[in-house]
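Structure assessment
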2 protein chains.
Amino acid sequence: MAHDRVYRGLRSRIMHGEIAPGQALTLRGLAAEYGVSMTPAREALRRLSAEGALTLSSSGRVSTPELSNERIEELAALRSLLEVELASRALPRAHMALIDRLQSINARIAEDIVHQDAVAYIRRNLEFHRTLYLRAQAPAMLAMAETVWLQLGPSMRALYGRLRRKDPPHFHRLIIAALKAGDEPGLRLAVRSDVTQGLRMLAG
Amino acid sequence: MAHDRVYRGLRSRIMHGEIAPGQALTLRGLAAEYGVSMTPAREALRRLSAEGALTLSSSGRVSTPELSNERIEELAALRSLLEVELASRALPRAHMALIDRLQSINARIAEDIVHQDAVAYIRRNLEFHRTLYLRAQAPAMLAMAETVWLQLGPSMRALYGRLRRKDPPHFHRLIIAALKAGDEPGLRLAVRSDVTQGLRMLAG
DNA sequence: GCCGCGGATTTGTGATCACATGAGGACATG
DNA sequence: CATGTCCTCATGTGATCACAAATCCGCGGC
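Thresholds, definitions, all that
Going along each chain's sequence as written, the residues are numbered from 1 onward. Whichever chain is written first is A, and whichever ligand is written first is 1; the rest continue in order. Where totals are concerned, whole chains, interfaces and linings use all residues; where local detail is concerned, this predicted model gives features only for residues with pLDDT of at least 70, and gives and counts side-chain atom pairs only at 80 or more. Helix and strand definitions follow DSSP, with helices as H or I runs of at least four residues and strands as E runs of at least two, each counted in order from the N terminus. In this treatment the radius of gyration is a C-alpha quantity, and the globule benchmark scales as 2.2 Å times the residue count to the 0.38 power. Think of it as a crowd count around each C-beta: if 20 or more other C-beta atoms lie within 10 Å the residue is buried, if 12 or fewer it is exposed, and in between it is partly exposed, with C-beta placed from the backbone throughout. By definition, residue pairs are in contact when their C-beta atoms, positioned from the backbone, come within 7 Å. Using a C-beta atom placed from the backbone, a residue is described as near a molecule or strand when that atom lies within 6 Å of it. Nonpolar residues are Ala, Val, Leu, Ile, Met, Phe, Trp, Tyr, Cys and Pro. Charged residues are Asp, Glu, Lys and Arg, and all others, Gly as well, are polar. The pairing criterion is simple: DSSP has to find at least two bridges between the two strands. A set of buried residues qualifies as a nonpolar core if it consists of Ala, Val, Leu, Ile, Met, Phe, Trp, Tyr and Cys joined through C-beta atoms within 7 Å. Lines fitted to C-alpha atoms define the axes here, with helix axes fitted over just the stretch in contact, and angles between the N-to-C directions of these axes take values from 0 to 180 degrees. Here the angle decides the label: under 35 degrees means roughly parallel, over 145 means roughly antiparallel, 65 to 115 means roughly perpendicular, and every other value means oblique. A helix's residues, less one, multiplied by 1.5 Å, set its expected span. This arc is taken over the directions from the axis of the helix to the C-beta atoms. Here the copies are matched by least squares. The fit uses the C-alpha atoms of residues with pLDDT of at least 70 in both. Source of the domain bounds: an automatic or database domain assignment.

1. Observations concerning the overall build of chain A
Secondary structure summary: chain A contains 9 helices and 3 strands in total. Against the globule reference of 17 Å for 204 residues, chain A gives a C-alpha radius of gyration of 18 Å, in line with a compact fold. A principal-axis box enclosing the C-alpha atoms of chain A has dimensions of 55 × 35 × 30 Å. Expressed as a percentage of the 204 residues in chain A, the buried residues total 39%. For chain A, contacts bridging at least 24 residues in sequence account for 75% of all contacts bridging at least 6.

2. Some thoughts on the protein's contact with DNA strand D
Around DNA strand D, a shell composed of 18 residues is seen, among which Leu-27 and Gly-60 of chain A together with Ala-2, Ser-37 and Ser-59 of chain B lie nearest. When contributions to the surface near DNA strand D are tallied by element, the ones reaching two or more residues are helix H2 (27–34) and helix H3 (38–50) of chain A together with helix H1 (2–15) and helix H3 (38–50) of chain B. For the surface near DNA strand D, the element with the most residues is H3 of chain B, which contributes 3 residues. By residue class, the composition of the surface near DNA strand D is 8 nonpolar, 7 polar and 3 charged.

3. Considerations on the sheet that holds strand S2 (residues 55–56) of chain B
All names here are of chain B. What the 3 strands build is an open sheet, ordered S1-S3-S2; its pairing is antiparallel. Where the open sheet ends on each side, the last strands, each with one partner, are strand S1 (24–25) and S2. Sheet analysis places S2 next to strand S3 (residues 62–63), joined by 2 bridges and oriented antiparallel. Bridging from a neighbouring strand, Thr-55 pairs with Ser-63 of S3.

4. Description of the interface of chain B and chain A
Contacts between the two partners involve 15 residues from chain B and, on the opposite side, 15 residues from chain A. Looking at the side of chain B that touches chain A, the element that brings in the most residues is helix H4 (residues 69–90) of chain B, giving 6 residues. Per-class residue counts for the side of chain B that touches chain A are 8 nonpolar, no polar and 7 charged.

5. Topic: the nonpolar core
Grouped together as the largest cluster of nonpolar side chains are 104 residues, with contacts concentrated most on Leu-86 of chain A together with Leu-86 of chain B. Broken down by element, this core gets its largest block of residues, 10 residues, from H4 of chain B. Ignoring sequence-local partners within four residues, the contact set of Leu-86 of chain B consists of Tyr-133, Ala-136, Ala-138, Met-141, Leu-142 and Ala-145 of chain B.

6. Description of the packing of helix H5 (residues 96–114) of chain A against helix H8 (residues 170–181) of chain A
The geometry of a pair of packed helices is captured by two quantities: the angle between their axes and the separation between those axes. Residues and elements named next belong to chain A. For the pair H5 and H8, interaxial distance at closest approach is 11 Å and the crossing angle is 170°. On the basis of their axis angle, the class for H5 and H8 is roughly antiparallel. From H5, Ile-99, Leu-102, Gln-103 and Asn-106 reach across to H8, where they touch His-172, Ile-176, Leu-179 and Lys-180. Per-class residue counts for the contact of H5 with H8 are 4 nonpolar, 3 polar and 1 charged.

7. Focus: H1 of chain B
Residue and element names in this part refer to chain B. In this model, H1 (14 residues) spans 20 Å end to end at C-alpha, consistent with the 20 Å of a helix rising 1.5 Å per residue. Restricting attention to buried positions, one finds in H1 the residues His-3, Val-6, Tyr-7, Leu-10, Ile-14 and Met-15. Down the axis of H1, the buried side of the element spans an arc of 140°, and every buried residue falls inside it. Across from the buried face of H1, at angles greater than 90 degrees, the exposed residues are Asp-4 and Arg-8. Two residues or fewer after H1 comes Gly-17, characterised by a positive phi angle close to 75°.

8. With respect to the relation of the copies chain B and chain A
For the pair chain B and chain A, the superposition axis carries a translation of 0.0 Å, the fit reaches an RMSD of 0.0 Å, and the rotation angle comes to 180°. What we have between these two chains is a two-fold relation. Proximity to the rotation axis, assessed at the C-alpha, singles out Arg-47 of chain B in chain B; its C-alpha lies 2.7 Å from the axis.

9. Focus: the domain arrangement of chain A
The domains assigned to chain A are domain 1 (2–63) and domain 2 (69–203). Taken together, the contact between domain 1 of chain A and domain 2 of chain A spans 12 residues of the former and 15 residues of the latter.

10. A look at the sheet that holds strand S1 (residues 24–25) of chain A
As summarised here, the arrangement of the 3 strands in space is S1-S3-S2 (chain A), forming an open sheet in which the pairing is antiparallel. Two strands lie at the open edges of the sheet, namely S1 and strand S2 (55–56) of chain A, each paired on one side alone.

11. Examining the protein's contact with DNA strand C
DNA strand C sits among 17 residues. The nearest are Ala-2, Ser-37 and Ser-59 of chain A together with Leu-27 and Gly-60 of chain B. Those elements giving two or more residues to the surface near DNA strand C turn out to be helix H1 (2–15) and H3 of chain A together with helix H2 (27–34) and H3 of chain B. It is H3 of chain A that provides the largest number of residues to the surface near DNA strand C, a total of 3 residues. A breakdown of the residues in the surface near DNA strand C according to their chemical character gives 8 nonpolar, 6 polar and 3 charged.

12. Focus on H8 of chain A
Residue and element names in this part refer to chain A. Taking 1.5 Å of rise per residue, 12 residues should cover 16 Å, and H8 covers 17 Å from first to last C-alpha, within 8% of that figure. Of all the residues in H8, the buried ones are His-172, Ile-175, Ile-176, Ala-178 and Leu-179. Here the buried residues of H8 occupy an arc of 160° about the axis, which is enough to place them on one side. Facing away from the buried side of H8, by more than 90 degrees, are the exposed residues Lys-180 and Ala-181. Just past H8, the residue Gly-182 takes up positive phi, approximately 65°.

Listed below in structure tokens is the structure:
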């Protein structure tokens, strides 16, 4: 179970933007940090590279990726593609209890913004999306969406760290409104906008 | 480079349906087969499980997945989503040379059908799609599509093994025709049909 | 004939080690 | 002061091993 602990810990840190792009990771360093030997550390790194969360240099050195603008736009397009579909599939199953939970997550996002806590903001933003998509009953599709989040993780921090906003995300409210109204086209548009909005700024 | 050899070999075998669903793989068995020690064999298996090509049992045992019908339908939906987008992006860049290559691949598919060679058929069918999608200049999206192919690999064999057809795939010709005509809606429909066709039969 | 139990063996896990390679810095030279 | 070279050390790779757990097989009881 040792490699799993390393994997989960690292994955969470990467996805939530706690590691800067270009940061190098060493086997022995990680092993020491998690109190394990090199073997499970290596497995965790390999797995994360397989998922695109880390890049291997030619010499086997591993680091978090520094994404080009083209790559960021492509990943944003993927998010849009996958998440619009997930939201659309979740819509018919979205009851009031789900909408309440989404609203409470949204309220917490507002708090994170007040506290200027970029990592917490990213984490809760993803929680908002995941909570909705879980209702789609499409595990493979959700897994792919999470893989995209993972790849964008390090760059996300650069984005939300720089943009100092005061208001909770506008499009989250649109998403909730569309869910309440059972408005599928509106939901698709709201999700696409929410997903694309920040990343367009990052790439530009 | 040892683990890479194991990884590539296994990945190819899985993607092309050379391994039956539910087939168990052992670390020592693989290591012996590829003439390496357990370490690189384990890395290859871990990486393939991370990509969804293999499933880990609770005890760490690894085997190729036996997909449920729901899962197959979900993966088919993913293929449709991703590949329609890839084809659409490739369309403006599809010149005559590409169409020629697609036609020649199609001709070889016809030969494979004559020889009743299921594995060769699957391999060339994927080659047809990959050749087209390469033109989309969207590496992350193509990688995701290939991951889906990988997950469907073992089940593909069950499909193409059972269906004893005589004609080359009809939808491939529609794809080529749409490419020639620059007909984007037609291309989207043709790709969606091609991707969904066989798998619907498998799930049903 | 069928089910449960127990031991032998297969199998995955993680630690450790020897080795090769590549990165980075110090130092001399222009 | 810049640059190239060499050396050292950090780092990834793969093999091997001890261990634990799970599986498998056969035997005995009902």
